[in-house]
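Structural overview
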Amino acid sequence: MRLILLGPPGSGKGTQAQRLVQRYGIVQLSTGEMLRAAVAAQTPIGLEAKHIMEAGHLVPDEIVVGIISDRIDEPDAVNGFILDGFPRTVRQAEELDELLKQKRMTLDAVVELKVNESALLARVENRAAESRARGEEVRADDTPEVLTRRLANYRGQTEPLIHYYADQRKLMTVDGMMPIEEVTGEIQRILSAIGAAGAKKETKGERKAARAKSAPAKKHRTGAAKTAGKATGRAAKKKAGAKRAKSAAKGRPPAKKVAKKAAKSARKAGLTASLAARSGTGKSARKSAKKAAKKATKKRAKA
Ligand code: AMP
């Protein structure tokens, strides 16, 4: 499973990422954590990033993209990862898309934690107090002044990613103001609904390799195999046509309409529009579509 957690500072991305790590056995890749480690180790990147971070600005895109590119190649990321705090700009998102494409990896979902800005200062102050109580060093950027700049950065540079991923139909929005447990539950529900919570999703490349293994490659197919393939295609088309005709004869709306209706009820049930649209191709949507169709038939019978 490969996820992005999106949200302003203090929205609970780190907390939720840790919980998902335990639940799904994937790694949390937090660019903020990695940069803080680089600062502590005084590496060249750390030295460059230190003052930028302390002032609440964003570290240059090429630095963070480089860090992430190397990190997702590590063996512990093979089962998947949660990106926490990355991408933070549209350019980072575009470069991430390119990177994943090159590595033949796909992104399952982008979970946005939506929070009231007014609650964030209190949350960040709380985080600082907890660190102090544990005897840990308090983050230099967890102060009201720096937080104001980080929030402005989020609004100006990171929020456009909401549209970026909504356009890709990857965005799932969760109410981050709910208690921690409930936010985790909601994220898990969404991941199950899109089928990302189970076995590792196959990439296009992996699917192609699996197909090549189980069936002879198209160009090497024998004449008989080609004919059989064509026949299966024709049969499938015929079947679909017959199905449509049958629905029409019974006065039922076409399957597409039913699926649309199911997506609408999914939205009503609290799922986001993009999730509803995505699940329109999944098993659960087909189930909902069936349910919706049954309901519709009953209604018609009554009328
Ligand atoms: P975070 O722990 O995610 O709040 O990040 C702390 C700081 O690290 C940010 O305020 C930025 O200065 C820097 N940083 C973390 N991730 C990124 C990123 N993806 N792009 C640019 N700067 C980042």
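Our structure's up above, just so we're on the same page.
Summary of the structure given here. What you see is a predicted model, and the numbers here were worked out from it, not measured in a lab.

Once that is clear, we can look at the sheet that holds strand β2 (residues 27-30). Across the sheet, 5 strands lie side by side as β2-β3-β1-β4-β5; this open sheet has parallel pairing. Looking at which strands have only one partner, the edges of the open sheet turn out to be β2 and β5 (171-175). On average, each strand axis in the sheet is inclined to that of its neighbour by 25°, with strand direction left out of account. Here strand β1 (residues 2-6) pairs with strand β3 (residues 81-84) via 4 bridges, running parallel. Pairing of Leu3 across the sheet is with Ile82, part of β3. Its contacts with the sheet put helix α1 (residues 13-24) on β1, β2, β3 and β4 (109-114), and the angle it makes with β3 is roughly 175°.

Turning our attention to helix α7 (residues 144-158). The end-to-end C-alpha distance of α7, which contains 15 residues, comes to 20 Å, matching closely the 21 Å that a straight helix rising 1.5 Å per residue would cover. Looking at α7, one finds that the buried residues are Val146, Leu147, Arg150, Leu151, Asn153, Tyr154 and Thr158. One face of α7 carries all of its buried residues, which in axial projection span an arc of 155°. Facing away from the buried side of α7, by more than 90 degrees, are the exposed residues Glu145, Thr148 and Gly156. Contact partners of the buried residues in α7: β1, α3 (44-54), α6 (117-133) and α8 (160-167).

A separate point is the nonpolar core. Core analysis: the biggest nonpolar cluster contains 33 residues, and Leu35, Val59, Phe81, Leu83, Leu96 and Tyr165 have the highest contact counts within it. For this core, the element with the most residues is helix α4 (residues 61-71), which contributes 5 residues. Beyond its immediate stretch of four places on either side in the chain, Leu83 contacts Leu3, Ile4, Leu5, Leu29, Ile68 and Leu96. Ala17, Leu113, Val174 and Val183 belong to the second-largest nonpolar core, a separate cluster that totals 19 residues.

We now examine the site of the ligand. If you check the shell around the ligand, you find 16 residues, and the closest are Thr31, His57, Gly85, Arg88 and Gln92. Here Thr31 contributes a side-chain N or O atom positioned 2.8 Å from a nitrogen atom of the ligand. One of the side-chain N or O atoms of Arg139 is found 3.1 Å from an oxygen atom in the ligand. For the ligand, whose unbound accessible area comes to 480 Å², protein coverage reaches 96%. Top element by residues in the shell around the ligand is helix α2 (residues 31-40). It accounts for 4 residues. Taken together, the residues of the shell around the ligand sort by class into 6 nonpolar, 5 polar and 5 charged.

Moving on, we come to the side chain of Gln188. For Gln188, the location among the structural elements is in helix α9 (residues 180-193). Among residues more than four places away in sequence, those in contact with Gln188 are Leu20, Arg23 and Tyr24.

Burial along β3 is two-sided: Phe81 and Leu83 and Ile82 and Asp84, pointing in opposite directions, are all buried. Sheet analysis places β2 next to β3, joined by 4 bridges and oriented parallel. If you follow Leu29 over to β3, its bridge partner there is Leu83.

Criteria and cut-off values
Residues numbered from 1 in each chain as written. Predicted model: local features only at pLDDT ≥ 70, side-chain atom pairs only at ≥ 80, totals over all residues. Heavy atoms only, no water. Pairing = 2+ DSSP bridges. Helix = DSSP H or I, 4+ residues; strand = E, 2+ residues; numbered from the N terminus. Axes fitted to C-alpha atoms, helices over the stretch in contact; angles between N-to-C directions. Contact = heavy atoms within 4.5 Å. Expected span 1.5 Å × (residues − 1). Buried < 20%, exposed > 50% of the residue type's maximum accessible area, 1.4 Å probe, protein only. Arc of directions from axis to C-beta. Core = buried A, V, L, I, M, F, W, Y, C linked by side-chain atoms within 4.5 Å. Near = heavy atom within 4 Å. Polar contact = N/O pair within 3.5 Å; in protein donor to acceptor, adjacent residues only side chain to side chain. Areas by Shrake-Rupley, 256 points an atom, 1.4 Å probe, with all protein chains shown as cover. Nonpolar A, V, L, I, M, F, W, Y, C, P; charged D, E, K, R; others polar.

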